[in-house]
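Structural features, examined
The lines below spell out each chain.
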Amino acid sequence: MMLKGCNADLLQTLAHSRFLPKTKTPFRGISVVSCSSSSKTSTTTTTASDLVINDTKNSSSAAVSGSNSAFSLADRLRLGSLLEDGLSYKENFIVRCYEVGINKTATVETMANLLQEVACNHAQSVGFSTDGFATTPTMRKMDLIWVTSRMHIEIYKYPAWGDVVEIETWCQSEGRIGTRRDWILKDFATGVVIGRATSKWVMMNQNTRRLQKVNDDVRDEYLVFCPRTPRLSFPEENNSSLKKIPKLEDPAQYSKLRLVPRRADLDMNQHVNNVTYIGWVLESIPQEIIDTHELQKITLDYRRECQHDNTVDSLTSPEMTDDVDKLQETNGSVTGRRHEMDTCQFLHFLRLSGEGLELNRGRTEWRKKLAR
């Protein structure tokens, strides 16, 4: 996919800047061409704008033939590539103005969308489907797709508008029922880790919408692109990504009822995209927390698909922690003074309105905003 929000001038600037991936070979598409005139040889650099012009001239035949020329152009302009071992993929992203929120930093939905983007680009770079989320040849023959069953994201520092985020991702087997994908996020300018994430994925039949075990043919197709030994973005024991999420019982302390999926929320697998659930969870967070804290951890367990004609209730209640217990011991009001805590946690529950069927359960952890 072409770098979002870029024009030819910006791409030309990037081609000669520190934003290019640090590889031993020239960045794909920014090549050096030798031109001879009489006995003299001169060297010129092909800029990104030249690539756009040249590929545009040949685009008409590509549109008729349905070839991969368009993807080839995107591949050349994308600021990402497989690493030397071929087992992980790294890409750089510039945070755009419409991806930041009230804190003037990227939102957690922006970060989740970037995780999804780099994962899909990784899959495309090894030859998997360009018309679905990383489906292998066998999966396409059997009408199988990947769906998220669990997502855990931790953001230690949110990037601001214009910052460059470097994201590395890789996948590996998760038993017989699915796969696991991990990410490491860094500030490209400093190399400091600003976030980590992990996820679990299971296979679903696109027609019947039923889950299906990963068969040997599919495993053989993707295992060749996985690390030979387990590699985890959260290697620590008892880390937050492993914590079980209890079911939040009704009545919840906070709620936002009858949220309606927009048409734009549907993805290419014909269901509500997993990032939309993050927004729904945050809708029922009390405003006093939004004003004083920022999200540092979010875990979501996906239990059921949401279709375009469903409506959703978002329920939230504080999760009891040591800080809450101390506040209660001093006769403080948990509801009224939670915004005074340095950190706080909430449990979340998304359900189908009216029916009460569980869509998703989650946990969020918030840290107090730094004074500006």
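Below you will find a few notes about this structure.

About the criteria used
Residues numbered from 1 in each chain as written. Predicted model: local features only at pLDDT ≥ 70, side-chain atom pairs only at ≥ 80, totals over all residues. Heavy atoms only, no water. Helix = DSSP H or I, 4+ residues; strand = E, 2+ residues; numbered from the N terminus. Buried < 20%, exposed > 50% of the residue type's maximum accessible area, 1.4 Å probe, protein only. Contact = heavy atoms within 4.5 Å. Areas by Shrake-Rupley, 256 points an atom, 1.4 Å probe, with all protein chains shown as cover. Pairing = 2+ DSSP bridges. Phe/Tyr/Trp six-rings, centres within 6.5 Å; stacked < 30°, edge-to-face > 60°. Lys NZ or Arg CZ within 6 Å of the ring centre and 35° of its normal. Disulfide = S-S within 2.5 Å. Salt bridge = Lys/Arg side-chain N within 4 Å of Asp/Glu carboxyl O. 1 Å grid on protein atoms, 1.4 Å probe; cavity = no way out; pocket = protein on both sides within 12 Å on 5 of 7 lines; lining within 4 Å. Points joined across faces, edges and corners; volume = space filled by probe spheres on them. Nonpolar A, V, L, I, M, F, W, Y, C, P; charged D, E, K, R; others polar. Domains from an automatic or database assignment. Axes fitted to C-alpha atoms, helices over the stretch in contact; angles between N-to-C directions. Parallel < 35°, antiparallel > 145°, perpendicular 65-115°, else oblique. Left-handed = near helix turned anticlockwise from the far one by under 90°. Polar contact = N/O pair within 3.5 Å; in protein donor to acceptor, adjacent residues only side chain to side chain.

**Quick notes on the overall build of the protein chain**
Across its full length, the protein chain holds 11 helices and 14 strands. Taken over 372 residues, the protein chain has a buried fraction of 51%. Considering only residue pairs separated by 6 or more positions, the protein chain has 72% of its internal contacts joining residues 24 or more positions apart. Accessible surface, the protein chain: about 19,200 Å² in total, of which carbon and sulfur atoms supply 51%.

**Topic: the pairing of strand S14 (residues 358-368)**
Burial analysis of S14 places 10 of its 11 residues in the buried class, the great majority of the element. As paired elements, strand S11 (residues 293-302) and S14 share nine bridges and run antiparallel to each other. Its bridge partner lying in S14, Asp301 is registered against Arg361. Taken together, the nine bridges between strand S13 (residues 343-352) and S14 define a ladder with antiparallel strand orientation. Across the sheet, Phe346 pairs through a bridge with Thr364, a residue of S14. Connecting S13 to the antiparallel partner S14 that follows it, the hairpin turn spans five residues, and Gly354 within it adopts a positive phi of roughly 85°.

**Structural notes on the packing of aromatic side chains**
On inspection of all chains with the given rule, the structure shows four aromatic pairs. Considering the side-chain rings of Trp146 and Tyr222, the 6.0 Å spacing of their centres and the 75° angle between planes classify their relative orientation as edge-to-face. Of this pair, Trp146 sits in strand S5 (residues 144-155) while Tyr222 sits in helix H7 (residues 216-223); the two residues are 76 residues apart in sequence, bridging distant segments of the chain. With respect to burial, Trp146 and Tyr222 carry one shared label: buried. Over the ring of Trp170 we find Arg231, and its NZ or CZ is 3.6 Å from the ring centre.

**Regarding the state of the cysteines**
Throughout this description, disulfide means a covalent bond between two cysteine sulfur atoms. One pass over the full model with this rule turns up zero disulfides. Cysteine Cys226 shares no disulfide, and the gap to the nearest cysteine sulfur, in Cys171, comes to 3.9 Å.

**Focus: the pattern of salt bridges**
Counting across every chain of the model gives 15 salt bridges. Between Glu168 and Arg231 there is a salt bridge; the shortest N-O distance is 3.1 Å. With a gap of 63 residues between them, Glu168 in strand S6 (residues 164-174) and Arg231 in the loop between H7 and strand S10 (254-259) connect regions that are remote in the sequence. Its salt-bridge partner being Arg262, residue Asp265 comes within 3.1 Å of it at the nearest N-O pair. According to the relative accessible area criterion, Arg262 is exposed, its value standing at 55%. Within this structure, Asp250, Asp313 and Arg351 form a network of salt bridges that share partners.

**Topic: the layout of surface pockets**
Of the volumes computed, that of the largest pocket is approximately 790 Å³. Forming the boundary of the largest pocket are 32 residues, of which Thr107, Val108, Glu109, Gly279 and Leu282 lie nearest the centre. Class assignment of the residues belonging to the lining of the largest pocket gives a composition of 15 nonpolar, 10 polar and seven charged. Shared between two domains, the lining of the largest pocket holds at least three residues of each, these being domain 1 (76-238) and domain 2 (243-321 + 337-371). The space that makes up the second largest pocket amounts to roughly 550 Å³. Taken together, 31 residues line the second largest pocket, and the ones lying closest to its centre are Val147, Thr148, Val202, Leu211 and Tyr302. Among the elements of the structure, S5, strand S7 (178-187), strand S8 (193-205), strand S9 (211-212) and helix H8 (274-283) are those that each provide at least two residues to the lining of the second largest pocket. A class-by-class count of the residues in the lining of the second largest pocket yields 12 nonpolar, 10 polar and nine charged.

**Some thoughts on the packing of helix H5 (residues 108-125) against H8**
Between H5 and H8, the shortest axis-to-axis distance is 9 Å and the interhelical angle comes to 165°. With respect to their mutual orientation, H5 and H8 come out roughly antiparallel. Crossing of H5 against H8: the hand is right-handed. Facing Val108, Glu109, Ala112, Asn113 and Gln116 of H5, the residues of H8 in contact are Asn274, Val275, Ile278, Gly279 and Leu282. Residue composition of the contact of H5 with H8, by class: five nonpolar, four polar and one charged.

**Details of the environment of Leu352**
By secondary structure assignment, the location of Leu352 is in strand S13. A relative accessible area of 5% places Leu352 in the buried class. Sequence-wise, Leu352 and Thr311 are 41 residues apart; in three dimensions their C-alpha atoms are separated by 5.9 Å.

**With respect to H8**
A large share of H8 lies buried, amounting to nine of its 10 residues. Those residues of H8 that sit buried are Asn274, Val275, Thr276, Tyr277, Ile278, Gly279, Trp280, Val281 and Leu282. The N-capping residue of H8, defined by a side-chain oxygen 3.0 Å from the backbone nitrogen of Val275, is Asn273.

**Section: unusual backbone geometry**
Here Asp250 and Pro251 are connected by a cis peptide whose omega angle stands at 5°. Within the secondary structure, Pro251 is located in the loop between H7 and S10. If you check the backbone angles, Asn238 has positive phi at about 60° while not being a glycine. Of note, Asn238 is situated in the loop between H7 and S10. Phi angles above zero are rare outside glycine, and Arg258 is one such case at about 55°. Assessed through its relative accessible area of 53%, Arg258 is described here as exposed.

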